[in-house]
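Observations on the model geometry
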Amino acid sequence: MSTLTPYLCVADARAAIAWYTDAMGAEVTYEPIVMPDGRIGHVELAVGGASWMMADEFESAGVAPPDPTRGSSVSLHLTVPDVDTLAARVVAAGVAMDRGPEDSEPAGRVATFRDPFGHRWFLNTPAD
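A few points on the structure. (Residues numbered from 1 in each chain as written. Predicted model: local features only at pLDDT ≥ 70, side-chain atom pairs only at ≥ 80, totals over all residues. Heavy atoms only, no water.)

**Re the nonpolar core**
A general tendency of soluble globular proteins is for nonpolar side chains to be buried together. For clarity, the threshold we go by: Among buried residues, those of type Ala, Val, Leu, Ile, Met, Phe, Trp, Tyr and Cys that are joined through side-chain atoms within 4.5 Å constitute a nonpolar core. Burial classes follow relative accessibility: with a 1.4 Å probe on protein chains only, a residue under 20% of its type's maximum area counts as buried, one over 50% as exposed, and anything between as partly exposed. Per the convention used, a helix needs a DSSP run of H or I reaching at least four residues, while a strand needs a run of E reaching at least two, with both numbered from the N terminus. Residue contacts are defined here by distance: any two heavy atoms, one from each residue, within 4.5 Å place the two residues in contact.
Ranked by internal contacts, the top residues of the largest apolar core, which has 30 residues, are Trp19, Tyr20, Met24, Trp52, Met54, Phe113 and Trp121. Elements with a minimum of two residues in this core: β1 (7-10), α1 (13-24), β3 (40-47), β4 (50-56), β5 (75-79), α2 (83-92), β7 (108-114) and β8 (120-126). Examining the composition of this core, we find that seven residues originate from one element, α1, more than from any other. Contacts of Met54, omitting those with residues within four sequence positions, involve Tyr7, Leu8, Val10, Ala13, Ala16, Ile17, Tyr20, His42, Val43 and Leu45.

Have a look at this one:
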């Protein structure tokens, strides 16, 4: 079976690591690789077993963070045991919900937000 793992680009990977671990309860599963110029070249994080990779911007490789003046072309769908608890942590970290938390049949409990680094998250606790 194959796996699709998001690889996010952010303008400040150190700040993003701190935010994702504090606000979303993420854990660093692969320690940051620091490039000679000080940028983070690679790090891996996970929430409840759902993982993603991340790096700072690398213009020479054509890797750039989202443009905050535009909408997101991709949403990160994260299934969690309790949408309300995670949404409350995100709000406490200074980010407003774009939607929810709310019940949305047949999906279950849902909420969406854009993190401080421009990435759109869709939180979901599936209906029983």
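**Section: unusual backbone geometry**
Omega for the bond connecting Gly100 with Pro101 falls within 30 degrees of zero, at 5 degrees, which places this linkage in the cis form. Inspection of the secondary structure puts Pro101 in strand β6 (residues 97-104). With omega at 0 degrees, the peptide bond leading from Glu105 into Pro106 counts as cis. Structurally, Pro106 can be placed in the loop between β6 and β7.

**Re the packing of α1 against α2**
The description of two helices packed together rests on the angle between their axes and the distance between the axes. Selection rule: Fitted lines through C-alpha atoms serve as axes, helices being fitted only where they are in contact, and the angles separating the N-to-C directions of these axes extend from 0 to 180 degrees. Here roughly perpendicular refers to angles of 65 to 115 degrees, roughly parallel to angles under 35, roughly antiparallel to angles over 145, and oblique to all remaining angles. Gly is placed with the polar residues, together with every amino acid not listed as nonpolar (Ala, Val, Leu, Ile, Met, Phe, Trp, Tyr, Cys and Pro) or charged (Asp, Glu, Lys and Arg).
Viewed as axis vectors pointing N to C, α1 and α2 meet at an angle of 130 degrees, and their least axial separation amounts to 8 Å. Here α1 is positioned oblique relative to α2, judged by the angle of their axes. Of the residues in α2, those in contact with Trp19, Thr21, Asp22, Ala23 and Met24 of α1 are Leu86, Arg89 and Val90. Among the residues forming the contact of α1 with α2, the class breakdown is five nonpolar, one polar and two charged.

**Quick notes on the side chain of His119**
Here is the rule: In the analysis that follows, any N or O atom pair within 3.5 Å is treated as a polar contact, provided that within protein one partner can donate a hydrogen and the other can accept it, and provided that, for residues neighboring in sequence, both atoms belong to side chains.
Assignment of secondary structure puts His119 in the loop between β7 and β8. For His119, a relative accessible area of 11% gives the class buried. Within the structure, the side chain of His119 is placed 3.0 Å from the backbone oxygen of Cys9, a separation counted as a polar contact. His119 has contacts with Leu8, Cys9, Val10, Tyr20, Pro66, Leu76, Phe113 and Arg114, leaving out every residue within four places of it along the chain.

**Observations concerning the pattern of salt bridges**
Selection criterion: By salt bridge we mean one thing: a side-chain nitrogen of Lys or Arg within 4 Å of a carboxyl oxygen of Asp or Glu.
For the structure shown, the criterion picks out four salt bridges. Residue Arg109 pairs with Asp84 through a salt bridge whose shortest N-O separation is 2.8 Å. Placement of the pair is Arg109 in strand β7 and Asp84 in helix α2, with a sequence separation of 25 residues. When its relative accessible area of 23% is taken as the criterion, Arg109 is described as partly exposed. In this structure Asp84 comes out as partly exposed when scored by relative accessible area, which is 32%. Between Arg109 and Asp103 there is a salt bridge, with the nearest N and O atoms lying 3.3 Å from each other. Each of Asp84, Asp103 and Arg109 takes part in a single network of salt bridges with overlapping partners.

**Observations concerning the sheet that holds β4**
Inclusion rule: Paired strands are those between which DSSP finds at least two bridges.
In spatial order, the strands read β1-β4-β3-β2; together these four strands make up an open sheet with mixed pairing. On the outer flanks of this sheet lie β1 and β2 (27-34), each paired with one strand and no other. For this sheet the average axis-to-axis angle between neighbouring strands, irrespective of direction, equals 20 degrees. Taken together, the five bridges between β2 and β3 define a ladder with antiparallel strand orientation. By the bridge assignment, Tyr30 is partnered in β3 with Glu44.

Structural measurements only, silent on function.
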